[in-house]
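Per-entry structural report
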Amino acid sequence: MFSRWNWVACGFYLVMSICSPDASSGLVQSCGHIIPESPVLALGSNFTALCILNESCLDFGNIYASQIIWKIKNKVVPKEQYREINRTVSSVTFNDTSTLATPLTCNILADGQIEQNIYGITVTVGLPPEKPKNLSCIVHQESRFTYAMTCTWNPGRHTFLDTQFRLRYRWPEQIFPDCIPKDVNNSCTIDDSQFFVNTEIWVEATNALGKAVSDPLVVDPIDIVKPLPPQNVSITSGLLPTVLQLVWENWISDAVMTLKFNIRYRIVGDTNWMEVPPEDTASPRTSFSIQGLRPYTEYVFSIRCMKEDGVGYWSDWSEEKTGITIEDQPSKGPPIWRIIDTSQSPACWTVHLIWKALKPYEANGVILQYELTVRDKSSLSSPVKKYNVTSTNYTLQLREETYEVTLIARNSVGPSPPSVLLIPASNSKAPVKNLRTLPKHDKLWVGWTAPNNYVLKYVIEWCLMSSSSDCSIEWQIVLGDVQGIDLKGMKPFKCYLITVYPLYADGQGSGQSVKAYLKQDRPSKGPTVQTKKVGKAEAVLTWSHLTVEEQNGFIRNYTILYKTIDGNETVVTVDPSKTEYTLSSLTSDTLYTVRMMASTDNGSSTGPDFTFTTQKFGKGEIEAIVVPVCLAFLLIVLLGVLFCFNKRDLIKKHIWPIVPDPSKSNIAQWSPQVPAKHNISSKDQMYPEGSFTDVSVVEIEADDKKSFSEQDLKPFDLLKKEKSTSEGHSSGIGGSSCMSSPRQSVSDSDEGETTQNTSSTVQYSTVVLNGYRDQTPVQVFSRSESTQPLLDSEERSEDHAGGADSTPQRQQYFRQNGGQDETNTDRPCFERTKQITHANEGDLVGFVQLQISGQSSQPLGLGMEKNTQEAAVSNVLQTCTEGQTVRPETVEENPLSVDEMPKSYLPQTVRQGGYMPQ
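Residues numbered from 1 in each chain as written. Predicted model: local features only at pLDDT ≥ 70, side-chain atom pairs only at ≥ 80, totals over all residues. Heavy atoms only, no water.

1. Points about the pattern of salt bridges
If you walk through the whole model with that rule in mind, you get 21 salt bridges. Across the pair Lys 532 and Glu 580 runs a salt bridge whose closest N-O atoms are separated by 3.1 Å. Here Glu 580 lies in strand β46 (residues 580–583) and Lys 532 lies in strand β42 (residues 530–534), a separation of 48 residues in the sequence. A relative accessible area of 57% places Lys 532 in the exposed class. In this structure Glu 580 comes out as partly exposed when scored by relative accessible area, which is 37%. Linked by salt bridges that have partners in common, Arg 166, Arg 168, Asp 178, Glu 204 and Lys 211 make up one network. (Salt bridge = Lys/Arg side-chain N within 4 Å of Asp/Glu carboxyl O. Helix = DSSP H or I, 4+ residues; strand = E, 2+ residues; numbered from the N terminus. Buried < 20%, exposed > 50% of the residue type's maximum accessible area, 1.4 Å probe, protein only.)

2. A word on the state of the cysteines
The tally for this structure, following the rule as stated, stands at 4 disulfides. Between the sulfur atoms of Cys 51 and its disulfide mate Cys 106 the distance is 2.0 Å. On the sign convention where negative is left-handed, the bridge of Cys 51 and Cys 106, at about -85° about the S-S bond, is left-handed. Within this pair, whereas Cys 51 is found in strand β3 (residues 47–53), its partner Cys 106 is found in strand β8 (residues 104–110), the two being separated by 55 residues in sequence. The buried category is assigned to Cys 51, whose relative accessible area is 0%. A sulfur-sulfur separation of 1.6 Å characterises the disulfide bridge that pairs Cys 463 with Cys 471. Its S-S torsion of approximately 120° makes the covalent link between Cys 463 and Cys 471 right-handed. Given the relative accessible area of 6%, Cys 463 is considered buried. In this structure Cys 471 comes out as partly exposed when scored by relative accessible area, which is 32%. (Disulfide = S-S within 2.5 Å.)

3. Focus on the packing of aromatic side chains
For the coordinates displayed, the defined rule picks out 17 aromatic pairs. On the numbers, 4.9 Å between centres and 15° between planes, the contact of Tyr 169 with Phe 176 is stacked. Of the two residues examined, Tyr 169 and Phe 176, each falls in the buried class. Here the aromatic residues Tyr 147, Phe 195 and Phe 196 are joined through ring pairs into a cluster of three or more. It is Arg 264 that lies over the ring of Trp 273; its NZ or CZ is 4.1 Å from the centre. The residue whose ring lies beneath Arg 294 is Tyr 361, and the NZ or CZ to ring-centre distance is 4.3 Å. (Phe/Tyr/Trp six-rings, centres within 6.5 Å; stacked < 30°, edge-to-face > 60°. Lys NZ or Arg CZ within 6 Å of the ring centre and 35° of its normal.)

4. Some thoughts on the UniProt feature "transmembrane region" (unreviewed entry) in the protein chain
The feature "transmembrane region" (unreviewed entry), as annotated in UniProt, sits at residues 625–645 in this numbering. The annotated region residues 625–645 carries 100% helix and 0% strand content, and the separation between its end C-alpha atoms amounts to 30 Å. (UniProt positions renumbered as here; feature names shortened; annotations may be inferred.)

5. Here's the deal with the environment of Lys 525
If you trace the backbone, Lys 525 turns up in the loop between β41 (512–517) and β42. The class for Lys 525 is partly exposed, based on a relative accessible area of 37%. The spacing of Lys 525 and Ser 604 is 79 residues in sequence and 8.7 Å in space, taken between C-alpha atoms. With near-sequence residues (within four places) excluded, Lys 525 lies in contact with Leu 546, Glu 550 and Ser 605. (Contact = heavy atoms within 4.5 Å.)

6. Re the environment of Ile 485
By the secondary structure assignment, Ile 485 is in strand β38 (residues 484–487). Separated by 38 residues in sequence, Ile 485 and Gly 447 have C-alpha atoms that sit 6.7 Å apart. When sequence neighbours within four positions are dropped, the list of residues in contact with Ile 485 reads Leu 444, Trp 445, Val 446, Trp 448, Ile 460, Gln 476 and Val 478.

7. Looking at the side chain of Thr 150
Summarising the element assignment, Thr 150 is placed in strand β12 (residues 147–154). Look at Thr 150 and you get buried, because its relative accessible area is 18%. Among the polar contacts listed, one links the side chain of Thr 150 to the side chain of Thr 189, at a separation of 2.9 Å. Thr 150 has contacts with Ser 136, Cys 137, Ile 138, His 140, Cys 188 and Thr 189, leaving out every residue within four places of it along the chain. (Polar contact = N/O pair within 3.5 Å; in protein donor to acceptor, adjacent residues only side chain to side chain.)

Structure follows, in structure tokens:
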């Protein structure tokens, strides 16, 4: 209960303390404070702070020193650094102030629960000022009569505190006001300086931790003056080409001090200055003549001054002025060289003379012209040729001789010494040895070993190689005791051709050449590879060399990389001089991918991929197959031709049968049944006017011998005999056609055989008998044997005859010219055939034609025989009188039985509407 009332009282006291007019910051001002207040401490020193509690807080708040907590920037200080002096005072000690930070606060833990800030201070840590050092002063001349003294010093280390510097000076009996620096701490300027009196000068530095004073400087300001540089400098040229005169003004009075001078100069465009010796300008002056200059050369000049005795400071350099010397004769002749072109004719030279313009210090003026003299040394009587040239080259047409060329450069003052070039007929002298190059930074060093003979000069040629343009030659001449030079202006990654010629007193040595790079890089691209020839297991690859612009260095080797689609890559290294390579041990009928890489000393570049497929067969394999097959085929053809040649008669008989001419048939002469009046010996007798009139057709059964009497079959026997005697020479129309088998005559077959094919062809013959069935016998018509296939209409009629239809068939015949008037006696063809009556049925049919061949006939033979016969008949029919027509006549007969009905097939020859001769 007491504790509760105690806390209430403490709270009331705190509220009153805050509201009190004396409390500026609440609890901090009312309950305690820290001493020392805002101390400034030396860095690294010891420091102890005390926190003192007010007695009033002890009475009401129950607060004691043991409850104090020290903090540095809200970080609790370890309790080992605390010390409780009494119930109201607590101290904290820091052995090294470098760890201190601001603020340092004193806090209290009331009743062990609430932390309250009692007081806080700002701690400043720094260093005392050091003694200023290196105090120096200089008097600057600002105008003719105004001088200001500026002193500088070294302020020393940084103190981390606010430090004030003061420049103080005095005479022995007078002290002047302090000079306080503005915005700096190491210099100060005194506007007015007095000469010819010693002045003591020093510097003081002060801060919260102490004060420091520099050593005093005692000096007369006249000894530390830095005068203004000479003004209004001008340059004039003298009478001599090597002299220029400078004139200037001094801005300091001789009464104040006397001066000495320093003169420097350089050639325009050069960065290196040259100075006149100091002893030449050590006395007071306002002009000076500079000698030993180059003629017709522009120079830049500058001057400075100081006190004559050397005490004090040099002035700044004056404003630069330029001047040019006058002209003089050229000091040397132009370097001259030649390029000989023998492409047109070895005996006639095209000599290109080239020389370099003299440098300004060699020309000593403006070169107006060059005087060129050419003398033939091989002929003393040859005139000397002279040429005046304004350019730096000239071309001559000379014979293959030894010449001496002299060149002189002339300006407005006079000529130069002559330059002599000897052009020998041949470069028979010894060349240089061991020519080599070496890159050195931005220069290319070229070195060589001198020949054994004495050399006057060396000529070094070099040109930038290009694949698209000619090599532009640059050259340089050096003395004979030099064995190496640095070539400047070379470009990196470019190839240069360098040639060195030794020049002797009596001739010239042959040139030695070498290629060089100032700097190398990897090629710009890789080679493009192609196939020249592809075989079964090998492929010939070809490529072109990279151009000199693409190489960027010396190509050390080519690398070929090839592989199949799913195989490992194979690498082959090729010499850089090659442009072709053969890949071997390849797989046949396989797709390969190949690419090529070019390498220099600084890297490699790869070209595009190229694909090719090896062949399935190697060289000669196809020939090994095709040639034997062709030879075998040719052998078979040859054997076939020989066979056909040996069997030509048989082949001709089967392929090209001899078609007999019916007009020349002699069947009427050997037929025993033919009356004598029917013996026809000529075509005109048989076929008046060369055409047919009537052909009758009688159908009989070819194999039905029972219906014929022996008398009727006699003609067949005769036919058989006649066929056997005439078979070899008279095949007639019935000869075998191409691709058809020969038909067998019914007379050749056995009498007991039965004809099986009703479409078999029949053999033609004409037998003159008595009239058929009371008809008047027809006029004689003779025809030889024939194995012509039957007509389609005849085959169909036979099929009808042999069918199941038992209807009696009618016997038909077709009569030509059936539509004409029979009373016409002027018919040009044969007499029309009269109808055959039944009066002479006993007689053998007038036209009996019987031949039974095999059961089938080939269509090809049928077509050829039919076409041949139609063509023959058409020739005959063309002679007939126009207007004749063919009209069939049908004669009704008594029907016969199937067994009794005779059948026969005869070709029907009609002019219109009927069968043509087969």
